[in-house]
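# Geometric and topological summary
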Amino acid sequence: WDLSGGKTTNYTFPKDFLFGVSTAAGQIEGAWNIDGKSESIWDHLIHTHPEFVKDHTNADVAADSYRLYKRDAEMVKELGVDIYRFSIAWPRVLPSGFANDINPLGIQYYKNLINELVKHNVTPMVTIYHWDLPQKLQDIGGWTNVNMVDYYTDYAKVLFDNFADQVKYWVTFNEPMQTCLEGYGGTYRAPALNRHGIAEYLCTHNLLKAHANAYHLYDKEYRPKFGGKIGMSLDSNWAEPKTNTTRDKDAAELYLQTHVGWYAHPVYSAEGNYPPDLIRLVDAKSAAQNYSRSRLPKFTPEEVTHIRGTADFFGLNHYTTYLLSMADGEVGAIPSHENDVGIVRVQDPQWPSKSSSAWLKVVPFGFRRLLHWITKTYNGVPIIVTENGYADFDGVEDAARVSYYSHYLNALLHALHEDKSSVHGYFAWSLMDNFEWDDGYVSRFGLYLVDFNSPNKTRTAKQSARLYSGVVRSRGLPPGYDPQDFKAFSS
Ligand SMILES: O=S(=O)(O)CCCN1CCN(CCO[C@@H]2O[C@H](CO)[C@@H](O)[C@H](O)[C@H]2O)CC1
């Protein structure tokens, strides 16, 4: 494999290219039940099933950013980036889940954080939903309940009313596929409902309507007054055909259409609606399984129009690459999205990793190819990479993370300069080590190390923080960067 994203080493980032860094409330704030915050579905899952988290930890305190947000803002400033992407915890702002009871202390915390960022001349970007649904709403069905469309719209309105004067970048949902496929159709994410084949489709159907409502509300009521942009952050691996047979090439395209395309086609494609391949496959499988109607709910023509075009940018979260092939026969549980789509993904064991997240192989060319695929498939939509990063076990001399960022930023530069991909920004995941969901604190993604045993959760810049701020300032890769050097990943 030539794993590199390209050979030229002196490309630079345009002046107006946006650099940022990202976090999420459920992973950094802690204060899980302080000052009026109610239980989220993650608090509930982890408190009732401690074995869900590999190191049996929880996010009750995490990086204690509820208390230490001024230090966080300072770190963002030290990095020299333009934008700080953080999420607002629904259960902290609306403890009952409903907008009839707004928690003033919750609003105050986010006001304080935003004011601190503005003081440092950093632009805030708010993710409205980064997985932490109030448990009280899950108790009445969560995202399988059609009324979530209204509950989410009411929640978004509270945030726009309170913050739209200072927040000019909004992300409605972080990785809806993780929420729906892994949380409602599986057990990898909260609420771990695992009603595969049914609930992942209900969750997606309601979530896309909720997203469109928030977009139209912002577009009509707040953008005229404050300007600003609103989009969605979709997670996507790159899908490389396992072999160069037509069958495997079709499998790779089918993976992209039925995973990231599940959410991107309704919002960003010219025709809207779910991807035709997904509709065809789920309808056929449902009929073969004697369902009286397809397990994939249908949008009315009005709903297709209501959802199409509801984003100013394509937020992309990318980490790694898979090899795709068509399944021979049935795969996955019956019924399930996996079984409906019928493809198999593997990773080449020779790809470098040495990461604490087993799935995170270092494949820079995949990032470049994915950016080109999105640009081509969705007609040059402005892309903002809202997450990209690398996980290791510990330490500030993080040579592997330095190498990962160098290679992925090199791939991005080639996507920009050679493929003319429509990328306008790049945000590193993450500002600091934080609660990595089922991996707890074992897997660290931070540019800053967090000492979770110290009373002040001391944050210390890693080598990668210096690498990243160097790129932001110089607009290019450091001298001596070698696109073929993957030594940092050999154990
Ligand atoms: O092959 S397996 O099925 O065993 C694992 C599938 C691999 N995916 C890759 C994409 N990733 C999205 C990560 O999710 C994002 O990335 C960060 C790091 O994980 C999180 O901390 C963020 O909260 C989240 O936005 C979820 C796991």
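Residues numbered from 1 in each chain as written. Predicted model: local features only at pLDDT ≥ 70, side-chain atom pairs only at ≥ 80, totals over all residues. Heavy atoms only, no water.

## Overview of the environment of Leu316
Note that Leu316 resides in strand S7 (residues 314–317). A C-alpha to C-alpha distance of 4.6 Å links Leu316 and Val385, two positions 69 residues apart in sequence. Ignoring any residue separated from it by four or fewer positions in sequence, one finds Leu316 in contact with Leu234, Ser236, Phe367, Leu370, Leu371, Ile374, Ile383, Ile384, Val385, Thr386 and Glu387. (Helix = DSSP H or I, 4+ residues; strand = E, 2+ residues; numbered from the N terminus. Contact = heavy atoms within 4.5 Å.)

## Here's the deal with the packing of aromatic side chains
A full pass over the atoms with the stated rule returns 49 aromatic pairs. Look at Phe160 and Tyr222: their rings are 5.2 Å apart centre to centre, the planes differ by 50 degrees, and that puts the pair in the tilted class. Remark: Tyr222 occurs in helix H9 (residues 199–226) and Phe160 occurs in helix H7 (residues 148–163); sequence separation between them is 62 residues. Each of the two residues, Phe160 as well as Tyr222, counts as buried. Ring centres of Trp170 and Tyr218 lie 6.5 Å apart, and the angle between their planes is 55 degrees; on these two criteria the pair is classed as tilted. Taken as a pair, Trp170 in strand S4 (residues 169–174) and Tyr218 in helix H9 lie far apart in primary sequence, 48 residues in all. Residue classification places Tyr218 among the buried positions, given a relative accessible area of 0%. Chaining the aromatic ring pairs together yields one cluster made of Phe13, Phe17, Phe19, Phe367, Tyr390, Tyr404, Tyr405, Tyr408, Tyr426, Tyr468, Phe486 and Phe489. (Phe/Tyr/Trp six-rings, centres within 6.5 Å; stacked < 30°, edge-to-face > 60°. Buried < 20%, exposed > 50% of the residue type's maximum accessible area, 1.4 Å probe, protein only.)

## Focus: the state of the cysteines
Scanning the entire structure with this criterion turns up 1 disulfide. Disulfide partner of Cys180: Cys203, at an S-S distance of 2.1 Å. Taking the sign of the S-S torsion, about -65 degrees here, the bridge from Cys180 to Cys203 comes out left-handed. Within this pair, whereas Cys180 is found in helix H8 (residues 176–184), its partner Cys203 is found in helix H9, the two being separated by 23 residues in sequence. Neither Cys180 nor Cys203 differs from the other in exposure class; each is buried. (Disulfide = S-S within 2.5 Å.)

## Some points on the nonpolar core
Counting 161 residues, the largest nonpolar core has Trp90, Trp143, Tyr152, Trp170 and Phe314 as its most contacted members. Dropping the residues within four chain positions of it, Trp170 is found in contact with Val126, Ile128, Leu159, Phe160, Phe163, Ala164, Tyr218, Lys229, Ile230, Gly231 and Phe313. Met125, Tyr169, Val171 and Phe313 belong to the second largest nonpolar core, which has 8 residues in total. (Core = buried A, V, L, I, M, F, W, Y, C linked by side-chain atoms within 4.5 Å.)

## Structural notes on the pattern of salt bridges
Enumeration according to the criterion identifies 31 salt bridges in this entry. The salt bridge involving Lys487 is made with Asp485; its shortest N-O contact spans 3.1 Å. Of the residues examined, Lys487 reaches a relative accessible area of 62% and is grouped as exposed. The network of salt bridges with common partners includes Lys54, Arg189, Asp438 and Asp439. (Salt bridge = Lys/Arg side-chain N within 4 Å of Asp/Glu carboxyl O.)

## Some remarks on the packing of H7 against H9
Across the interface, H7 lies against H9 with an axial gap of 9 Å and an inter-helix angle of 35 degrees. For the pair H7 and H9, the sense of crossing is right-handed. For the pair H7 and H9, the contacting residues are Val149, Tyr152, Thr153, Ala156, Lys157, Phe160 and Asp161 in the first and Asn206, Lys209, Ala210, Asn213, Ala214, Leu217, Tyr218 and Tyr222 in the second. Of the residues contributing to the contact of H7 with H9, the split by class is 9 nonpolar, 3 polar and 3 charged. (Axes fitted to C-alpha atoms, helices over the stretch in contact; angles between N-to-C directions. Left-handed = near helix turned anticlockwise from the far one by under 90°. Nonpolar A, V, L, I, M, F, W, Y, C, P; charged D, E, K, R; others polar.)

## Topic: the side chain of Lys361
Of note, Lys361 is situated in the loop between strand S9 (343–346) and helix H15 (364–377). Buried Lys361, no salt bridge; nearest opposite-charge side chain is Asp348, N-O distance 8.5 Å. Sequence-distant contacts of Lys361, defined by excluding residues within four places in its chain, comprise Tyr319, Thr320, Gln347, Trp351, Pro352, Ser353 and Tyr408. (Lys, Arg positive; Asp, Glu negative; His and termini not counted.)

So yeah, pure geometry; function would need other evidence.
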